[in-house]
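Understanding the architecture of this molecule
Listed below, chain by chain, are the residues.
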Amino acid sequence: CRHDTAAGIARVYRGSFVHSTRDAALEILNDFVLGVDKSGKITFIEEGKNVDRLAQEQGFNTADVENLGPGEFFMPGMVDTHIHASQYTYMGTALDLPLLQWLNTYTFPVESRYRDLKFARDVYTKVVKRTLRNGTTTACYFATIHTDASLLLGQIADDLGQRALVGKVCMDINPMVPQYKELLDESKDETLRFIRELLQKKYPRVKPVVTPRFAVSCSSSLLDALGEIARTLYFQSHISENKEEVELVKQLFPDCLSYTDVYLKHGLLTDKTVMAHGCHLTDEELKIFHKNGASISHCPSSNISLMSGILNVRNVQKHKVKLGLGTDVAGGYSASILDAVRRAIDTSKVLTIEHPQLRPLTFEEVFWLATLGGSEALSLDDRIGNFEVGKDFDALRVNVSVPGGPLDVFPEDVIVEKFLNLGKTPWLSFISLFLQYG
Ligand code: GUN
Ligand code: FE
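Residues numbered from 1 in each chain as written. Chains lettered and ligands numbered in written order. Predicted model: local features only at pLDDT ≥ 70, side-chain atom pairs only at ≥ 80, totals over all residues.

**So, the domain arrangement of the protein chain**
Taken domain by domain, the protein chain consists of domain 1 (9-76 + 386-437) and domain 2 (78-377). Summarising the inter-unit geometry, the C-alpha centres of domain 1 and domain 2 are found 30 Å apart. With 20 residues of domain 1 at the contact, the number on the domain 2 side is 18 residues. At the level of secondary structure, the elements contributing two or more residues to the side of domain 1 that touches domain 2 comprise β5 (72-76), β15 (394-399), α14 (412-422) and β16 (432-437). Examining the composition of the side of domain 1 that touches domain 2, we find that four residues originate from one element, α14, more than from any other. Partitioned by chemical class, the residues of the side of domain 1 that touches domain 2 number twelve nonpolar, six polar and two charged. (Domains from an automatic or database assignment. Contact = placed C-beta atoms within 7 Å. Helix = DSSP H or I, 4+ residues; strand = E, 2+ residues; numbered from the N terminus. Nonpolar A, V, L, I, M, F, W, Y, C, P; charged D, E, K, R; others polar.)

**Some thoughts on the packing of helix α5 (residues 184-200) against helix α6 (residues 220-230)**
Relative to each other, α5 and α6 sit at 15°, their axes nearing to 10 Å. The angle between α5 and α6 falls in the class roughly parallel. For the element pair α5 and α6, the recorded crossing hand is right-handed. For the pair formed by α5 and α6, the contact residues are Leu184, Ser187, Lys188, Thr191 and Leu192 on the first element and Ser221, Leu222, Ala225, Leu226 and Ile229 on the second. The class makeup of the residues in the contact of α5 with α6 is six nonpolar, three polar and one charged. (Axes fitted to C-alpha atoms, helices over the stretch in contact; angles between N-to-C directions. Parallel < 35°, antiparallel > 145°, perpendicular 65-115°, else oblique. Left-handed = near helix turned anticlockwise from the far one by under 90°.)

**Topic: the environment of leucine 269**
On the secondary structure map, leucine 269 appears in the loop between α8 (259-265) and β12 (273-277). The spacing of leucine 269 and glycine 77 is 192 residues in sequence and 27 Å in space, taken between C-alpha atoms. In this view, leucine 269 contacts Thr260, Tyr263, Leu264, Ile288, Asn292 and Ala294; residues no more than four positions away in its chain are not counted.

**Re the UniProt feature "domain: Amidohydrolase-related" (unreviewed entry) in the protein chain**
In the numbering adopted here, UniProt assigns the feature "domain: Amidohydrolase-related" (unreviewed entry) to residues 74-398. Between the C-alpha atoms that bound residues 74-398 the distance is 6 Å, and the span itself is 44% helix and 17% strand. (UniProt positions renumbered as here; feature names shortened; annotations may be inferred.)

**Digging into the site of ligand 1**
Near ligand 1 the following residues occur: His84, Leu99, Leu103, Thr107, Arg213, Phe214, His238, Glu241, Ser302, Asp328 and Gly331. Per element, the largest residue contribution to the shell around ligand 1 is three residues, and it comes from helix α2 (residues 99-111). Looking at the shell around ligand 1, its residues break down into three nonpolar, five polar and three charged. (Near = placed C-beta within 6 Å.)

Below, the structure written as structure tokens:
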């Protein structure tokens, strides 16, 4: 008797699958077989020797099974939990100033250009294409204060097949670059319009995220209003990235106990909140993150480039705060999560040099951060992050056996580590990444 699944099997793959689980940062499944239904969901993942039984039960023909070649494996699509799509134009430059001066000198003048929809379309198309090519199947984006350009970013991500949380930036304070800010009411109204119009499009993989830039550029009234709006929605911002910023927030919000308390008091710290950086959060603040289910986006490349600080990931783990990786383009000079993977390991080793009792991160752990950890940080782990039955088959097909490449001479169990450390994402000279999107 044939056991049909609701939507019917669309594709079956056989080969190596590499992913994280709740119990293991890295699980390598050699010779497994995975089925995807017509809606793109994983219907089974079992040992390859069961393929005949599965073919009978699930109603597919074994001749239609697609076999991966030697040196190929599937891994979950990577998640960039913090990236400024609008800063893509100057990525790789302007890394000579600390945060607050960097924002005034480079960022705000560039972001004010997105009034121009033609410019926005051009840059946003490039950034979505580039991040997809780099293996980012899910991105949590900051756009700019411009509603229509931000809606366009959502449309482009949907058109090109990327899963995305898209944020129209909110800011009503900007003393140094006053032409780049909104009025309080404008920011509230335009945020509501952004959410309404993006949801009306019913994009299957693109959702709005309420996005106050950071406490420095938002009035208390604006934060309050956004807290009201964000109650059931996603929420993102920046926190405790740089010491000067932390001091400034203390002065600006004298009634709040800490930077974290500012967001908490305004209703912005929920289980759908992701905060970028957090380098200088205290243990007390991490406890508040944990209690409220909020997560942190670890952006090590940016933290080094803007000389902001080094996140102590072990301490974040100790407080059981959800954590993902972010490129933070253009504070970070690479739009590749593989770069964030490497910087995360490097910065953890720098901390170990200074504090030998701190264990550096392993490649298995950063693999987890780039995939399942990121999906948890964005509350998307019911849909993506690993190869569990019922989740979307959101995956990268990695081929490390391109002739002449330095990766083809090693046994399978080190291929993943080699790929994470040496995969050439910017130009893809010997690694091919294929999105196998449901
Ligand atoms: N804090 C407020 N805005 C920004 C930004 O655009 N980039 C970074 N890295 N930090 C910020
Ligand atoms: Fe940022």
